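Chain by chain, the residues run as shown.
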Amino acid sequence: QKEVEQDPGPLSVPEGAIVSLNCTYSNSAFQYFMWYRQYSRKGPELLMYTYSSGNKEDGRFTAQVDKSSKYISLFIRDSQPSDSATYLCAQNAGGTSYGKLTFGQGTILTVHP
Amino acid sequence: NAGVTQTPKFQVLKTGQSMTLQCAQDMNHNSMYWYRQDPGMGLRLIYYSASEGTTDKGEVPNGYNVSRLNKREFSLRLESAAPSQTSVYFCASSEVGESGAFFGQGTRLTVV
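Since the model is a prediction, treat every value here as computed from it, not as a measurement.

Engineer: Break down the interface of chain A and chain B for me, citing the residues and quoting the values.
Structural biologist: Frequently, the measure chosen for interface size is the accessible area removed from exposure when the parts meet. Facing 21 residues of chain A, the contacting portion of chain B comprises 24 residues. With both chains or domains summed, chain A and chain B bury close to 1800 Å², and 55% of this area falls on carbon and sulfur atoms. Linking chain A with chain B are zero salt bridges. Here chain A is connected to chain B by seven residue pairs in polar contact (both at pLDDT 80 or more). Mapped by element, the contributors of at least two residues to the side of chain A that touches chain B are β4 (32-38), β5 (45-51) and β10 (97-103) of chain A. Per-element accounting of the side of chain A that touches chain B gives the leading share, six residues, to β10 of chain A.

So this is what it looks like as structure tokens:
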């Protein structure tokens, strides 16, 4: 079993829809969680970052961590065609290892006009 | 400000050939990483360097070697390429107190 599991999709939604992307994790020792966005043939770029549990909001994006169920979520409101990308959840150990990440498989999202 | 720069962007190798992937960052980060990305597998850590002068194995180190040349540069070497090493390779860097890691644009490697 992978330490971070993510439904690869693909997920296709109409413009303006609310998108929900989800991951589960198994290692409770690691408390830093991230969402990366990756456009086709590009490198991943950090989208959202949360520590421990709770919600974090940034514009149309909300990241949520539920430690009791070991669940990580990313919500995209008013989705746009420019949101079409692969979304990767990740978990790391923090400390001096901020970039030592365990990734989910990635979910391919398409937002059609 | 270029961030993380990888060279080359594309490469085709024959089985058994060797090559070095280069990575440089201009963000003065202490830590650098090499990941590979395969379909359905997400990104997996090959090697990392927590600071200049140190390197450690990640999840999939077999068949690779690394060199932390200085604080800016971290190279990945394939001594004898195999078709199983066909992948997209990403270099990344990070710093304590900053969120997550910053990635380069990737090197697409095909081993035939």
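Engineer: Kindly report on the sheet that holds strand β3 (residues 19-25) of chain A, identifying the contributing residues and their values.
Structural biologist: Residues and elements named next belong to chain A. Pairing is antiparallel across the open sheet formed by five strands, whose spatial order is β1-β3-β8-β7-β6. In this open sheet, the two strands that pair with only one neighbour each are β1 (4-6) and β6 (54-58). Strand-to-strand, the axes of this sheet are offset by a mean angle of 20°, without reference to chain direction. Examined bridge by bridge, β1 and β3 share three bridges and lie antiparallel to one another. Across the sheet, glutamine 6 pairs through a bridge with cysteine 23, a residue of β3.

Engineer: Describe in detail the environment of lysine 67 of chain A, supporting the description with residues and values.
Structural biologist: All names here are of chain A. By secondary structure assignment, the location of lysine 67 is in the loop between β7 (61-66) and β8 (71-76). Note on lysine 67: relative accessible area 35%, which makes it partly exposed. It is 7.8 Å that separates the C-alpha atoms of lysine 67 and serine 28, two residues lying 39 residues apart in sequence. Beyond its immediate sequence surroundings of up to four residues, lysine 67 is in contact with Tyr25, Gln31, Ser52 and Ser53. There is a polar contact of 3.0 Å between the side chain of lysine 67 and the side chain of glutamine 31.

Engineer: Outline the packing of aromatic side chains, supporting the account with residue identities and numerical values.
Structural biologist: The final tally for this structure, using the stated rule, is twelve aromatic pairs over all chains. The interplanar angle of 55° and the centroid separation of 5.7 Å between the aromatic rings of tyrosine 36 of chain A and phenylalanine 103 of chain A together place this pair among those described as tilted. One end of the pair, tyrosine 36 of chain A, is in strand β4; the other, phenylalanine 103 of chain A, is in strand β10, with 67 residues separating them in the sequence. Overall, the relative accessible area of 0% leaves tyrosine 36 of chain A in the buried class. The exposure class of phenylalanine 103 of chain A is buried, given its relative accessible area of 1%. On the basis of an interplanar angle of 90° and a centroid distance of 5.7 Å, the ring pair of phenylalanine 103 of chain A and tyrosine 35 of chain B is categorised as edge-to-face. In this pair, phenylalanine 103 of chain A sits in strand β10 while tyrosine 35 of chain B sits in strand β4 (residues 31-38), so the two residues belong to two different chains. Each of the two residues, phenylalanine 103 of chain A as well as tyrosine 35 of chain B, counts as buried.

The rules behind each value
- Residues numbered from 1 in each chain as written.
- Chains lettered and ligands numbered in written order.
- Predicted model: local features only at pLDDT ≥ 70, side-chain atom pairs only at ≥ 80, totals over all residues.
- Heavy atoms only, no water.
- Contact = heavy atoms within 4.5 Å.
- Buried area = accessible area lost by both parts, 1.4 Å probe.
- Salt bridge = Lys/Arg side-chain N within 4 Å of Asp/Glu carboxyl O.
- Polar contact = N/O pair within 3.5 Å; in protein donor to acceptor, adjacent residues only side chain to side chain.
- Helix = DSSP H or I, 4+ residues; strand = E, 2+ residues; numbered from the N terminus.
- Pairing = 2+ DSSP bridges.
- Axes fitted to C-alpha atoms, helices over the stretch in contact; angles between N-to-C directions.
- Buried < 20%, exposed > 50% of the residue type's maximum accessible area, 1.4 Å probe, protein only.
- Phe/Tyr/Trp six-rings, centres within 6.5 Å; stacked < 30°, edge-to-face > 60°.

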